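The residues making up each chain are set out below.
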Amino acid sequence: SDLLLDGIRGMTDMFTKKRFASALERMGWQPHTELDAIWYRMGNQEWKEAAKYGAPAVTPLGTALVTWQDPNHDGWKLSLPEALASTAGVQAVPVLLEALRPPSRHTAGCVRALASLLRAKATDFGSDALTMIARLNNVIGIENVPGEQDFTSSKEPRPIACAEVTRLAREELVRRGL
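Residues numbered from 1 in each chain as written. Predicted model: local features only at pLDDT ≥ 70, side-chain atom pairs only at ≥ 80, totals over all residues. Heavy atoms only, no water.

Okay, the overall build of the chain next. Broken down by element type, the chain carries eleven helices and zero strands. Across the 178 residues of the chain, 46% fall into the buried class. Surface accessibility of the chain: about 9,000 Å² in total, with carbon and sulfur atoms responsible for 52%. (Helix = DSSP H or I, 4+ residues; strand = E, 2+ residues; numbered from the N terminus. Buried < 20%, exposed > 50% of the residue type's maximum accessible area, 1.4 Å probe, protein only. Areas by Shrake-Rupley, 256 points an atom, 1.4 Å probe, with all protein chains shown as cover.)

Our focus in this paragraph is the pattern of salt bridges. Overall, the coordinates contain eight salt bridges when judged by the stated rule. Close ionic contact of E82 with R112 constitutes a salt bridge, the shortest N to O distance being 2.4 Å. Of this pair, E82 sits in helix 6 (residues 76-88) while R112 sits in helix 8 (residues 107-121), and the two are 30 residues apart along the sequence. With relative accessibility at 27%, the residue E82 sits in the partly exposed group. In this structure, E171 and R167 form a salt bridge, with 2.8 Å as the shortest nitrogen-oxygen distance. Of this pair, E171 and R167 both sit in helix 11 (residues 159-175), separated by four residues, roughly a single helical turn. (Salt bridge = Lys/Arg side-chain N within 4 Å of Asp/Glu carboxyl O.)

Packing of helix 1 (residues 2-10) against helix 3 (residues 34-43) leaves a shortest axis separation of 9 Å and a crossing angle of 70°. The orientation of helix 1 relative to helix 3 falls into the category roughly perpendicular. The handedness of the crossing between helix 1 and helix 3 is left-handed. Of the residues in helix 3, those in contact with L5, I8 and R9 of helix 1 are D36, W39, Y40 and G43. Of the residues contributing to the contact of helix 1 with helix 3, the split by class is four nonpolar, one polar and two charged. (Axes fitted to C-alpha atoms, helices over the stretch in contact; angles between N-to-C directions. Parallel < 35°, antiparallel > 145°, perpendicular 65-115°, else oblique. Left-handed = near helix turned anticlockwise from the far one by under 90°. Contact = heavy atoms within 4.5 Å. Nonpolar A, V, L, I, M, F, W, Y, C, P; charged D, E, K, R; others polar.)

The subject of this paragraph is unusual backbone geometry. Positioned with a positive phi, Q45 is a non-glycine residue whose angle comes to about 60°. Looking at the secondary structure, you find Q45 in the loop between helix 3 and helix 4 (47-51). Judged by its relative accessible area of 26%, Q45 falls in the partly exposed class.

This brings us to helix 8. In a regular helix each residue adds 1.5 Å, so 15 residues correspond to 21 Å; helix 8 covers 21 Å between its end C-alpha atoms and thus fits that length. The set of residues buried in helix 8 consists of T107, A108, G109, C110, V111, A113, L114, A115, L117 and L118. (Expected span 1.5 Å × (residues − 1).)

Right, let's get into the side chain of E172. Along the chain, E172 falls in helix 11. Other than its neighbours up to four places away in sequence, E172 contacts A122, T123 and L130.

Summing up the model confidence of the chain, the mean pLDDT is 79 and the portion of residues at 70 or higher is 78%. Taking the mean pLDDT of every element in the chain, the minimum, 59, falls on helix 10 (residues 136-140) and the maximum, 93, on helix 3. Note on residues 141-158: pLDDT is under 50 here. Beyond four places in sequence and across chains, it has 43 contacts. (pLDDT = per-residue confidence, 0-100.)

Across all of its chains, the model carries one aromatic pair by this definition. Relative to Y40, the ring of W29 has its centre 5.4 Å away and its plane inclined at 50°; by these criteria the two rings are tilted. You can see W29 sitting in the loop between helix 2 (14-26) and helix 3 and its partner Y40 sitting in helix 3, a full eleven residues away along the chain. On the basis of relative accessible area, W29 is assigned to the buried category, the value being 10%. (Phe/Tyr/Trp six-rings, centres within 6.5 Å; stacked < 30°, edge-to-face > 60°.)

Moving on: the side chain of T87. You can see T87 is positioned in helix 6. A distance of 3.0 Å separates a polar atom in the side chain of T87 from the backbone oxygen of A51. Leaving out residues up to four positions away in the same chain, T87 has contacts with A51, G54, A55, V58 and L61. (Polar contact = N/O pair within 3.5 Å; in protein donor to acceptor, adjacent residues only side chain to side chain.)

Here we take up the environment of L84. On the secondary structure map, L84 appears in helix 6. Each C-alpha atom of the pair L84 and A64 lies 9.9 Å from the other, and the pair is 20 residues apart in sequence. Excluding its chain neighbours within four sequence positions, the residues that come into contact with L84 are V58, L61, G62, L65, G89, A92, V95 and L96.

Put into structure tokens, the structure is as follows:
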């Protein structure tokens, strides 16, 4: 069982992780630690359940966001950034920004998570993070990304969605006189 859990932690392929988590479940495996439970939930793609563990879930969720891959299923690209943001709050911003770097697989989810955090907690953002978000269109070239105008699908956001995030960041910078 330790090998299966190590596989969930170490591999980047989501399909294999899901198979390892299913094998643990069939064995009747029970987590020994909170961290084991978090990784197991993540292997099952249960992002919100993993996020409920709070601070201990931040690093594993951030690792998954930046390194895990599953080209065949897109739903997790929206739900994982949301789970990370709900757990870590503004501490998730550096990870969300890192996950937006090309070749990003999570643009829509990360932009949505950033927008949610900005709406709720803009005053908690550092000036550097706000400046990076305000320049997001330039940094990742998102203005040319096709997709939906909102975030109801896993497709990449249109410029209007990214424009909202950059506008929110700019407004907070102006409010601070920066």
